[in-house]
Amino acid sequence: SIPLSFFGGIGGASKCGILVKGSNYLEALADMTTIVFDKTGTLTKGVFKVTNLYPAGMKKEELLQYAALAESYSDHPISLSLKEAYGRKMDAERIGEVEEIPGHGVSAVVDGHRVLAGNLKLMKRMDIPYEENSVSGTVVYVAVDDKFAGSIVIADEVKEDAKAAIAALNEAGVRKTVMLTGDRREVGEEVASKLGLDQVYTELLPGDKVDKVEELLQNMNGREQLAFVGDGINDAPVLSRADIGIAMGAMGSDAAIEAADIVLMDDEPSKIAVAVRIARKTLRIVR
Ligand code: ADP
Ligand code: MG
């Protein structure tokens, strides 16, 4: 039977906007020593803004239009920023053969032209000769009819409470804080150092994130528990694999919320340390 104080713990957490899906996760939280974060939408706002356009052989407006139309069916944070910058209605008749390639970007036919929009991995995978853009920020590379058409720089911001969230976890005795991201090294390392994370792994494909978590789990022993915090559709397998899966409830995908054991209703990473404190208090009564 479940000790009554667990209900008190779960109730106390829910009052703080932390939904715990079972008493066993409260128990696991009390023993969490490693916490792994996804970057975009979890530690950063995931609301990108287009900051610069670098067209190659076309006008800036054309570059943005191709990218935005190609991305019209995606709801990736990057895609939303391109559509927002474009700012006009999309005519569905202009767009066809849409394919989203996880961890890479999208491919679509726009006005009869085959358009690719995504990261360098996408350009390499499709054998497009590209000009690398070394400006700081997340870069979307665009190709039209297999020819490089330019790059678009977009910037994300870290969440207001992210730095305090990491500090509070360290203070609560969590030994290892890790960030995983599909974004490029420069961007990942900048965010990790800004937030004071212990480790960062970048340029990962969605499947690589599961492998990284497996690897970290192998280096832990006995009672030690690992939590993964994510928000995206691609994060569902990692959320399931971790001892404790924590999802963002407000902006997070349905798949992530479904796969998670704990949901943060207001998307604030600082709530995790609050949950740890509640869990420890509950367990002191039970154990
Ligand atoms: P993260 O690990 O930061 O949450 P994702 O795994 O969602 O990022 O994506 C990894 C990378 O793949 C992105 O940084 C971006 O370069 C590229 N990418 C993914 N989806 C798209 C898209 N719809 N449009 C452009 N680029 C994309
Ligand atoms: Mg993500």
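Right, let's walk through the structure included here. Computed from a predicted model, the values in this text were never measured in an experiment.

### Focus: the overall build of the protein chain
And then number 1: On a plain count of helices and strands, the protein chain comes out with 11 helices and 13 strands.
And then number 2: For the protein chain, the C-alpha radius of gyration of 21 Å lies close to 19 Å, the compact-globule estimate for 287 residues.
And then number 3: Projecting the C-alpha coordinates of the protein chain onto the three principal axes gives extents of approximately 70 × 35 × 30 Å.
And then number 4: Going through the 287 residues of the protein chain one by one, you find that 44% of them count as buried.
And then number 5: Considering only intrachain contacts with a sequence separation of at least 6, the fraction spanning at least 24 residues in the protein chain is 56%.

### Quick look at the sheet that holds strand β7 (residues 138–144)
And then number 1: Reading across from one edge, β3-β8-β7-β6-β5-β4 is the order of the six strands in this open sheet, with antiparallel pairing throughout. With partners counted over all chains shown, the strands left at the sheet margins are β3 (49–55) and β4 (95–101), one partner each. With strand direction ignored, the average angle separating the axes of adjacent strands in the sheet is 20°.
And then number 2: Where strand β6 (residues 113–118) and β7 come together, four bridges link them in antiparallel fashion. Across the sheet, the residue bridging to Val115 is Val144, located in β7.
And then number 3: Helix α4 (residues 77–86) contacts β3, β7 and β8 (147–155) of the sheet and is inclined by roughly 75° relative to β3.

### Points about the site of ligand 1
And then number 1: Lining the immediate environment of ligand 1, one finds 23 residues, of which Thr40, His76, Gly105, Asn119 and Gly182 sit closest.
And then number 2: Those elements that place two or more of their residues in the shell around ligand 1 are α4, β5 (105–110), β6 and β7.
And then number 3: Of the residues that constitute the shell around ligand 1, the class distribution is five nonpolar, 14 polar and four charged.
And then number 4: Per-domain counts for the shell around ligand 1 show at least three residues from each of domain 1 (4–45 + 158–286) and domain 2 (49–155).

### What about the sheet that holds strand β13 (residues 262–264)?
And then number 1: A sheet is described by the order of its strands in space; here seven strands give the open sequence β1-β13-β12-β11-β2-β9-β10, paired in mixed fashion. If you trace the sheet from one side to the other, it starts and ends with β1 (18–20) and β10 (199–201), each paired once. Direction aside, neighbouring strands of the sheet carry axes that sit 20° apart on average.
And then number 2: Pairing of strand β2 (residues 32–38) with strand β11 (residues 225–230), which is carried by five bridges, proceeds in the parallel orientation.

### Regarding the nonpolar core
The tendency in soluble globular proteins is for nonpolar side chains to be buried as a group.
And then number 1: Grouped together as the largest cluster of nonpolar side chains are 52 residues, with contacts concentrated most on Leu29, Ala227 and Ile246.
And then number 2: Broken down by element, this core gets its largest block of residues, six residues, from helix α11 (residues 271–286).
And then number 3: Apart from the residues lying within four places of it in its own chain, the contact partners of Ala227 are Met32, Ile35, Val36, Ala242, Asp243, Ile244 and Ile246.
And then number 4: Counting 27 residues, the second largest nonpolar core, distinct from the first, contains Val110, Tyr141, Val142 and Ile152.

### Focus on the packing of helix α2 (residues 23–30) against α11
And then number 1: In contact at an axis separation of 8 Å, α2 and α11 are set at 100° when each is read in the N-to-C sense. As the angle between them shows, α2 and α11 are arranged roughly perpendicular. Of the residues in α11, those touching α2 at Leu26, Glu27, Leu29 and Ala30 are Ala275, Val276, Ala279, Arg280, Thr282 and Leu283.
And then number 2: Among the residues forming the contact of α2 with α11, the class breakdown is seven nonpolar, one polar and two charged.

### Quick notes on the pairing of β11
And then number 1: In terms of burial, β11 is largely enclosed, as six of its six residues are buried.
And then number 2: Burial of the side chains of β11 extends over both faces: Gln225, Ala227 and Val229 are buried on one face and Leu226, Phe228 and Gly230 on the other.
And then number 3: Relative to strand β12 (residues 244–248), β11 runs parallel, the two being bridged by four bridges. Pairing of Gly230 across the sheet is with Ala247, part of β12.
And then number 4: For the segment spanning β11, helix α9 (residues 236–241) and β12, crossover handedness is right-handed.

What counts, and at which threshold
For every chain, the first residue of the written sequence is number 1, and numbering continues from 1 onward in sequence order. Chains and ligands are labelled by the order in which they are written, letters from A for the one and numbers from 1 for the other. Local features in a predicted model are, by the rule used here, given only for residues with pLDDT of at least 70; side-chain atom pairs are given and counted only at 80 or more, and totals for whole chains, interfaces and linings are based on all residues. Secondary structure counts use DSSP, requiring at least four H or I residues in a row for a helix and at least two E residues in a row for a strand, with both numbered from the N terminus. Here the globule rule is a power law, 2.2 Å times the number of residues to the power 0.38, and the radius of gyration is based on C-alpha atoms. Backbone-placed C-beta atoms define the burial measure: a residue is buried with 20 or more other C-beta atoms within 10 Å of its own, exposed with 12 or fewer, and partly exposed in between. What counts as a contact here is a pair of residues whose C-beta atoms, placed from the backbone, lie within 7 Å. In short, DSSP must find at least two bridges between two strands for them to pair. Axis definition: a line fit to C-alpha positions, over the contact stretch in the case of helices; interaxial angles, taken between N-to-C directions, run 0 to 180 degrees. To decide nearness, the C-beta atom of each residue is placed from the backbone, and the residue is near a molecule or strand if that atom lies within 6 Å of it. Only Asp, Glu, Lys and Arg are considered charged in this grouping, and only Ala, Val, Leu, Ile, Met, Phe, Trp, Tyr, Cys and Pro are considered nonpolar; every other residue, Gly among them, is considered polar. For the purposes of this description, domain bounds are those given by an automatic or database domain assignment. In these notes, a nonpolar core means any group of buried Ala, Val, Leu, Ile, Met, Phe, Trp, Tyr and Cys residues linked to one another through C-beta atoms within 7 Å. Orientation labels follow simple angle bins: below 35 degrees gives roughly parallel, above 145 gives roughly antiparallel, 65 to 115 gives roughly perpendicular, and whatever is left gives oblique. The handedness rule is simple: strands pointing away from the viewer, and a clockwise path from the first strand over the helix to the second, make the crossover right-handed.

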